[in-house]
Amino acid sequence: MADSFDLIIIGSGPGGYVAAIRAAQLGMKVGVVEKWPTLGGTCLNIGCIPSKALLHASELFDEAKHGFKQLGIDIGEPKLNLTQMMAHKTETVASNVGGVDYLFKKNKITVLRGTGSIVGPGKVRVTPESGEPIQAEAKAIVIATGSVSANLPGIEIDEKRVVTSTGALTLDAVPEKLVVIGAGVIGLELGSVWSRLGAKVTVVEYLDRILPGMDSEVARQFQRMLAKQGMEFKLSSKVAGVDTSGAALQVWVEPAQGGEIEVLDADVALVAIGRKPFTEGLGLEEAGVALDERGRVRVDAHYKTSVEGIYAIGDVIAGPMLAHKAEDEGIAIAEILAGQAGHVNYGAMPAVVYTNPEVASVGKTEDELKAEGTEYKIGKFPFSANGRAKAMLASQGFVKILADVETDRVLGAHIIGKNAGEMIHELVTLMEFSGAAEDLARTTHAHPTLSEAVREAALSLGDGAIHI
Ligand code: FAD
Ligand code: NAI
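Given the structure is predicted, the values throughout are model-derived calculations rather than measurements.

(A) How the structure looks around the pairing of strand β4 (residues 115–120). One ladder, built from five bridges, connects β4 with strand β5 (residues 123–127); its direction is antiparallel. The residue of β5 that forms the bridge with G116 is V126. Taking the residues that link successive antiparallel strands as the turn, the β4-β5 hairpin has two residues, and the phi of G122 there is positive, at about 70°.

Now the structure itself:
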């Protein structure tokens, strides 16, 4: 007898596990298929959570090294205990994935261990690592199988010396020289971790800028700050190959448009050129589920695929590959399946780079507003004029708010600075309510806080900021 559910979700990442919990809360009988030994997907096991554990620890290490003296704290030269730092990361992951186990039990969600494939309408085969496959049935199936690292042709990943983010999160020694291929979020976050711990980091980026998609003024300032921290950038460059035959890796770098090859020595090379949707072994072709030109599962506005009863959410469909985007789609699909009006506002979706300083954004960039011909005004305020930032030795960066010239409605916001990733949310909320810059400018902010810089940026869109 096949196990029978209202909903089967394939994949237990932020998309899948959140969909499962909300669906259970809404009264559905839910089964989640997961091929990994632990729940939580990329984000909890090999992504957001372990990277943030290492970013936090390495940031404090760096602060102890370079920031404490000025604050009157003499501790001598701090010593790195990488084994303990990695243990902290492992414990953080264990505690988070254990949290999902707990939530599944609490919500009576069944975990079906093994690789899931769709074998017919409403039918999923689950093949465990060992033992016989089982078949499960459901009224609806949600594909939430996420994404995997993209690779460069001809470059072999061994996760020891030539690594993706997964290997870069588990190195057992600080590389003397680390070459990062790709100046995107992963390259800059994990490049920062190892740079702070002592590696000489060189970032090779194909485009003429870092962090494509983020506001270009922010990206330029950010690059300067990272360079000051010791990171080297080779923009408009591509990696033509990595020679692994010698004791040191040789990374061949050539100008993006072709030209003379420069050879960089490295102990470790991190390939961070993006991620691709993961649909292998799901049986989508046989099931008739259509993909788009980039291999993502094609869905309509209600996450429905080309096949009745099969839906998809998260990294495996179009849109930013972000955990909170997957989570919100998880809630939306559960609500839609329960007959409610599930909805995600992609126009107010924050993005954060968890470096020091942090970079955070929501809504449109200046580049996008220019391209679409929208008339906008800019409100800007530097942290160097914020009292709390001075007290914290965190006066780098600024808040920039973009608002419609006529209506004053906030169209986008970009923050580079300490705790930018927390501060961005008042702008996300403002945008969610279609708020104007004046709404924010008239809102009392506690003093002294970094968030006052956000209000000051809004004030500067009206009669003027006070402290500048
Ligand atoms: P995933 O989390 O990828 O989960 C998919 C799950 O499906 C996996 O558990 C997989 O084992 C399972 N699966 C796949 N196929 C099958 C199958 N056939 N049968 C059974 N199980 C299957 N995003 C942020 O928002 N903030 C961050 O700070 C952040 N940091 C990141 C750091 C790194 C190093 C990386 C790599 C990513 C980071 N991300 C971050 C991105 C984030 O991890 C993803 O956007 C998010 O995990 C996507 O969730 P998902 O549920 O779509 O898929
Ligand atoms: P990315 O898309 O952010 O950046 C990839 C970079 O590599 C781009 O700058 C691109 O121009 C460059 N590139 C592509 N091909 C290249 C080549 N051949 N040579 C040199 N450079 C090349 O992808 P990344 O950093 O791998 O991250 C993948 C996903 O994971 C992102 O979509 C991101 O949203 C998510 N993520 C999110 C985090 C966060 O929210 N803080 C943290 C880490 C990952």
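(B) Inspection of a nonpolar patch on the surface at higher detail. A cluster of nonpolar residues, L71, I73, I75 and L393, forms a patch on the protein surface that exposes about 340 Å² of accessible area. For I73, the location among the structural elements is in the loop between α3 (48–66) and α4 (82–106).

(C) Structural view of the pattern of salt bridges. In the structure shown here, the tally under the stated rule is 21 salt bridges. A salt bridge links E293 to R296; its shortest N-O distance comes to 3.9 Å. Judged by its relative accessible area of 67%, E293 is exposed. Classification of R296 by relative accessible area gives buried; the value is 15%. K400 is the salt-bridge partner of E366, the closest N and O atoms lying 2.6 Å from each other. Of this pair, E366 sits in helix α10 (residues 366–372) while K400 sits in strand β21 (residues 398–404), and the two are 34 residues apart along the sequence. Exposure class is identical for E366 and K400. Each is buried.

(D) Structural view of the state of the cysteines. Tallying each qualifying case throughout the model produces one disulfide. The side chain of C43 participates in a disulfide bridge whose partner is C48; the two sulfur atoms lie 2.2 Å from each other. Here the disulfide of C43 and C48 is left-handed, its torsion about the S-S bond being about -130°. Using a relative accessible area of 26% as the deciding quantity, one classes C48 as partly exposed.

(E) Inspection of the packing of α3 against helix α6 (residues 185–196) at higher detail. Running from N to C, α3 and α6 cross one another at 40°; their axes reach a closest spacing of 9 Å. In this structure, the crossing between α3 and α6 has a hand that is left-handed. Here S51, K52, L54, L55, S58, E59, F61 and D62 of α3 lie close against α6, whose contacting residues are E189, L190, S192, V193 and R196. For the contact of α3 with α6, the per-class residue count stands at five nonpolar, three polar and five charged.

(F) Just the sheet that holds strand β12 (residues 237–243), in detail. Pairing in this open sheet of three strands is antiparallel, and the strands run β12-β13-β14 from one edge to the other. Of all the strands in the sheet, just β12 and β14 (262–266) have a single pairing partner and so form its edges. Adjacent strand axes in the sheet meet at a mean angle of 30°, parallel and antiparallel pairs treated alike. The pairing of strand β13 (residues 249–255) with β14 spans five bridges and is classified as antiparallel. When the sheet's bridge partners are listed, Q250 is paired in β14 with D265.

(G) Broad picture of the site of ligand 2. Within the structure, ligand 2 sits among 23 residues, and I186, E189, E205, G274 and V352 are positioned closest to it. Measuring from an oxygen atom of ligand 2, one finds a backbone N or O atom of I186 at 2.9 Å. E189 has a polar side-chain atom sitting 2.9 Å from a nitrogen atom of ligand 2. Protein contact buries 78% of the 840 Å² of open area that ligand 2 shows by itself. By residue class, the composition of the shell around ligand 2 is 15 nonpolar, four polar and four charged. When residues of the shell around ligand 2 are sorted by domain, at least three fall in each of domain 1 (4–148 + 276–344) and domain 2 (162–273).

(H) Broad picture of helix α7 (residues 216–228). For α7, which comprises 13 residues, the first-to-last C-alpha distance of 18 Å matches the rise-based estimate of 18 Å (1.5 Å per residue) to within 8%. All of the buried residues along α7 are E217, V218, A219, F222, M225 and L226.

(I) Fine view of the nonpolar core. Counting residues in each nonpolar core, the largest one holds 54 residues, and the members touching the most others are L7, I9, V30, F104, I109, I143 and Y303. Of the residues forming this core, the biggest block, seven residues, is contributed by helix α1 (residues 14–25). For L7, the residues in contact, after removing those within four places along its chain, are A23, M28, K29, V30, G31, A138, A140, I141, V142 and L337. Counting 40 residues, the second largest nonpolar core, distinct from the first, contains M85, M86, F222 and V353.

(J) Structural detail: the site of ligand 1. Residues in close proximity to ligand 1 total 39 residues, the closest being E34, T42, K52, G116 and A323. Contact between ligand 1 and D315: an oxygen atom at 2.9 Å from a side-chain N or O atom of the residue. The backbone of A323 places a nitrogen or oxygen atom 2.8 Å from an oxygen atom of ligand 1. Within the complex, the protein chains bury 96% of what would otherwise be the 1,000 Å² of accessible surface of ligand 1.

The rules behind the values
Residues numbered from 1 in each chain as written. Chains lettered and ligands numbered in written order. Predicted model: local features only at pLDDT ≥ 70, side-chain atom pairs only at ≥ 80, totals over all residues. Heavy atoms only, no water. Pairing = 2+ DSSP bridges. Helix = DSSP H or I, 4+ residues; strand = E, 2+ residues; numbered from the N terminus. Patch = residues over 30% accessible without salt bridge, like charges linked within 9 Å, V, L, I, M, F, W, Y side chains within 5 Å. Areas by Shrake-Rupley, 256 points an atom, 1.4 Å probe, with all protein chains shown as cover. Salt bridge = Lys/Arg side-chain N within 4 Å of Asp/Glu carboxyl O. Buried < 20%, exposed > 50% of the residue type's maximum accessible area, 1.4 Å probe, protein only. Disulfide = S-S within 2.5 Å. Axes fitted to C-alpha atoms, helices over the stretch in contact; angles between N-to-C directions. Left-handed = near helix turned anticlockwise from the far one by under 90°. Contact = heavy atoms within 4.5 Å. Nonpolar A, V, L, I, M, F, W, Y, C, P; charged D, E, K, R; others polar. Near = heavy atom within 4 Å. Polar contact = N/O pair within 3.5 Å; in protein donor to acceptor, adjacent residues only side chain to side chain. Domains from an automatic or database assignment. Expected span 1.5 Å × (residues − 1). Core = buried A, V, L, I, M, F, W, Y, C linked by side-chain atoms within 4.5 Å.

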